[in-house]
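Listed here are the chains, written in short residue letters.
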Amino acid sequence: MAGSTPASLTAERPAPAGVAAAVVPRKKARFSPGQEAWRRFRRHKLAMASSVILGLVVLAVLLGPLFWQVPINEIDFASKLDGPSWAHPLGTDDLGQDILARLLYGGRISLAVGFCAMMVAAVVGVLVGAIAGMSRGGVDATLMWLADLFLSLPQLPLLLLISYLFRDALTKILGTQGGIFIMIVVVIGGLRWMQVARLVRAQILSIREKEFIEAARALGASSFRQVVRHILPNALGPVIVAGTIDVAAAIIAESTLSFLGLGFPPDIPTWGRVLFDAKDTMDIAPHWALFSGGAIFIAVLTINFIGDGLRDAFDPRRVL
Amino acid sequence: MSRQYIIRRLLVAIPSLLGISVVLFCVLALAPGDPFSEIAANPAIPPEVAASLRAKFGLDDPVWLRYLHWLSAMAHGDWGFSFASRINVDTLILQRLPTTLIVIGAAQILAIVVALPVGVLAGTRPYSIFDQVANTLAFIGFSLPTFFTGLLLIMLFSIKLDWLPMVYNAELSSTGWPWLWEQIRQSIMPVMVLGLFQGASLVRYVRSAVLDVVRLDYVTTARSKGIGERRVITRHVVRTALIPVVTLVALQMPIVFSGAIVTEQIFRVPGIGSLLIAAMLANDTPVIMAVTFVFACLVVMFNLIADVLYGWLDPRISYR
């Protein structure tokens, strides 16, 4: 691209194989690609702050219920819709249940859905992208046509449709919590692999023509080995960035589903579900909606910022 | 820009529409549950009658035959009958569709009006204070899920300040100017929620597109000819930078529709999004299928429009 910043000012440095291989080697000290990425990530102040905040949220969600041992479903009509107090730091809902306990418990599910859906999307995406990139020809064209087709599917209507059609059957087989969890993870992940697949394919198409792959091929490496050992590690950066953004998108998708009343049932208080329950009493108990919506917002915002920081860290063209 | 190009794009759209219809039909066909299970379980109906009813409606046919039946019925405009509303599905959708399109259209205009100037300003002054503030706000904008923004706006403008009506009223009693005024007042919040969410991601696209173009040689040439900076930006940079943005606006359409469903549900806007949710809660399968398909058609249509616009804006494309 004309006018883009040159990747490196001095070319004599032996390039370590890795995503951050071509970063500016102004200092004499050598960094491994991982260290280099970390060095660049640290410069993104918002991403660093976001990592800390997200880390705290994850810790709170994982360890919080050990310290805050109020049951999530203890009904107490005497203190219903109370604002924040010492007994209930985030107030109570319309049944007098403690909102803090519910958000801590539900956060586990919301975050787990986001993470697992991302893993599904990444695995499918890497597989499809790798197959398309290595096979070319008809298989490649078909797979990419499929990716384009999935990209033009209306995501939320389809998500709603599938969860509407399959929820009862899956609940019967796997139980309420497990069945709906698996369904939501698979469907959200299954509708988000296209970006990763395209990235991986594009990376493979460019990397497979490089000399080091030619060398590997000359040494008799099979296609599988070329992809797994040589190409994918070099294509990892953009995939990690896309995966991070996918976590945020999956959290939003799950909350949307729960918010529309078609996600998790009321006894599983994911953040979206709590917000759904809160929306009818916004005029008298705004804290209920604010805290649950705020939890979603903070999780999504910090993940997005971390994704942005990772993009800076993995983009060797960008000079920081 | 040739007529051939448009025709070619139109022909490419047909397989993707067919593909989408196959995906939708598969989802429906794979779904557990039988529309005739109630009849089969009803002891008052003899099994022979149930069997003949099944045969009449083609439930025992192979899947591909059922798909062809469904497809030809859809193509003939026979979209079925809504169980819940007691009218034909196509009439129902045609009643609701204009509202959705108006809200989405207004939101898109708002998004473009906000995002263009901000994105261009940020792109021409990268890493300035303005750019950083705009970037951070954009991140916050698209990390705030639409359902949460909607609730926040209701809390602020309807409950606290009491400026705007909380829900959309489809049957306004007034006529003439008061009617228009009421219509605008009740549309402000849904349009803002959708438009600002959309605008936030658009800002980043516009910014990076401008950033890519502004360093190109022809821009330097324009400057060195003595053209004023403002004119260079508006006449030379923005015109080129907008080409990829047009495609991105269209590719964002699925996300916009997701947002529209949520927004319509929060503000009770009588569009096809709220129709979809209502149909799901009422188990109204014909409406669900038709609305999902309409969303898919809209997505394909917008992709098509983007392609055609792209060819028109960028003459290099048509000659591929």
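Residues numbered from 1 in each chain as written. Chains lettered and ligands numbered in written order. Predicted model: local features only at pLDDT ≥ 70, side-chain atom pairs only at ≥ 80, totals over all residues. Heavy atoms only, no water.

Novice: What am I meant to see in the overall build of chain B here?
Specialist: Of the regular secondary structure elements, chain B holds 14 helices and zero strands. Listed by position from the N terminus, the elements making up chain B come as α-α-α-α-α-α-α-α-α-α-α-α-α-α. Pairs at least 24 apart in sequence give 71% of the contacts found in chain B among residues at least 6 apart. Accessible surface, chain B: about 16700 Å² in total, of which carbon and sulfur atoms supply 67%. (Helix = DSSP H or I, 4+ residues; strand = E, 2+ residues; numbered from the N terminus. Contact = heavy atoms within 4.5 Å. Areas by Shrake-Rupley, 256 points an atom, 1.4 Å probe, with all protein chains shown as cover.)

Novice: How should the overall build of chain A be read in this particular structure?
Specialist: Counting secondary structure elements, chain A contains eleven helices and zero strands. Starting at the N terminus, the α and β elements of chain A follow one another as α-α-α-α-α-α-α-α-α-α-α. Within chain A, the fraction of its 320 residues that count as buried is 50%. Contacts in chain A between residues at least 24 apart in sequence constitute 68% of all its contacts with a sequence separation of at least 6. (Buried < 20%, exposed > 50% of the residue type's maximum accessible area, 1.4 Å probe, protein only.)

Novice: Hey, could you run me through the interface of chain A and chain B in this one?
Specialist: Put simply, an interface is often sized by how much accessible area is lost when its parts join up. Contacts between chain A and chain B engage 46 residues on the former and 50 residues on the latter. For the pairing of chain A and chain B, the buried interface totals around 4200 Å² over both sides, and the portion due to carbon and sulfur atoms is 82%. Applying the counting criterion to the chain A and chain B interface returns one salt bridge. Between Arg204(B) and Asp308(A) there is a salt bridge; the shortest N-O distance is 3.7 Å. Applying the counting criterion to the chain A and chain B interface returns one residue pair in polar contact (both at pLDDT 80 or more). (Buried area = accessible area lost by both parts, 1.4 Å probe. Salt bridge = Lys/Arg side-chain N within 4 Å of Asp/Glu carboxyl O. Polar contact = N/O pair within 3.5 Å; in protein donor to acceptor, adjacent residues only side chain to side chain.)

Novice: What should I look at first to understand the packing of aromatic side chains in this one?
Specialist: One pair of aromatic rings is described through two measures. These are the centre distance and the angle between the planes. Inspection of the entire model under this criterion finds eight aromatic pairs over all chains. Between Trp38(A) and Phe41(A) the ring centres are 6.2 Å apart and the planes differ by 25°, which places this aromatic pair in the stacked class. Of this pair, Trp38(A) and Phe41(A) both sit in helix H1 (residues 33–43), three residues apart, roughly one helical turn. The class for Trp38(A) is partly exposed, based on a relative accessible area of 44%. The interplanar angle of 25° and the centroid separation of 4.5 Å between the aromatic rings of Phe305(A) and Phe139(B) together place this pair among those described as stacked. Pair noted here: Phe305(A) is in helix H11 (residues 286–314) and Phe139(B) is in helix H6 (residues 129–143), and the two residues belong to different chains. Like Phe139(B), Phe305(A) is buried. Between the NZ or CZ atom of Arg207(B) and the centre of the ring of Tyr127(B), over which it lies, the distance is 5.8 Å. (Phe/Tyr/Trp six-rings, centres within 6.5 Å; stacked < 30°, edge-to-face > 60°. Lys NZ or Arg CZ within 6 Å of the ring centre and 35° of its normal.)

Novice: Honestly, the packing of helix H5 (residues 89–124) of chain B against helix H12 (residues 272–281) of chain B in this entry has me stumped. Any pointers?
Specialist: In a pair of packed helices, the angle between the axes and the distance between the axes together describe the arrangement. Residue and element names in this part refer to chain B. Put simply, H5 and H12 touch, their axes get as near as 8 Å, and they point 130° apart. In terms of their interaxial angle, H5 and H12 are classed as oblique. Mapping the contact onto sequence places Leu92, Ile93, Arg96, Leu97 and Thr100 in H5 and Ile272, Gly273, Ser274 and Leu275 in H12. (Axes fitted to C-alpha atoms, helices over the stretch in contact; angles between N-to-C directions. Parallel < 35°, antiparallel > 145°, perpendicular 65-115°, else oblique.)

Novice: How should I be thinking about the side chain of Thr263(B) in this particular structure?
Specialist: Residue and element names in this part refer to chain B. Structurally, Thr263 is set in helix H11 (residues 253–267). For Thr263, a relative accessible area of 2% gives the class buried. A distance of 2.4 Å separates the side chain of Thr263 from the backbone oxygen of Gly259, its partner in a polar contact.

Novice: What should I look at first to understand the pattern of salt bridges in this one?
Specialist: Charged atoms that come close allow side chains of opposite charge to pair. Under the definition given, this model contains nine salt bridges over all chains. Between Asp277(A) and Arg273(A) there is a salt bridge, and its shortest N-O distance comes to 3.4 Å. Of this pair, Asp277(A) and Arg273(A) both sit in helix H10 (residues 271–278), separated by four residues, roughly a single helical turn. Look at Asp277(A) and you get partly exposed, because its relative accessible area is 22%. What emerges from the salt-bridge pattern is a single network uniting Asp308(A), Arg311(A) and Arg204(B).

Novice: What should I look at first to understand the confidence of the model for chain A in this one?
Specialist: Reading predicted coordinates in detail is not appropriate for stretches of low pLDDT. Averaged over every residue, the pLDDT of chain A is 79; residues scoring 70 or more account for 83%. For residues 1–22 of chain A, every residue scores under 50 in pLDDT, and the model assigns this stretch 37 contacts once sequence neighbours within four places are set aside. (pLDDT = per-residue confidence, 0-100.)

Novice: Hey, could you run me through unusual backbone geometry in this one?
Specialist: What is expected of a backbone is that most residues other than glycine have negative phi and most peptide bonds are trans. Residues and elements named next belong to chain B. Here Tyr127, not a glycine, exhibits a phi torsion of approximately 65°, which is positive. Here Tyr127 lies in the loop between H5 and H6. Given the relative accessible area of 55%, Tyr127 is considered exposed. Located in the positive-phi region is Arg268, a residue other than glycine, with phi close to 55°. Within the element layout of this structure, Arg268 appears in the loop between H11 and H12.

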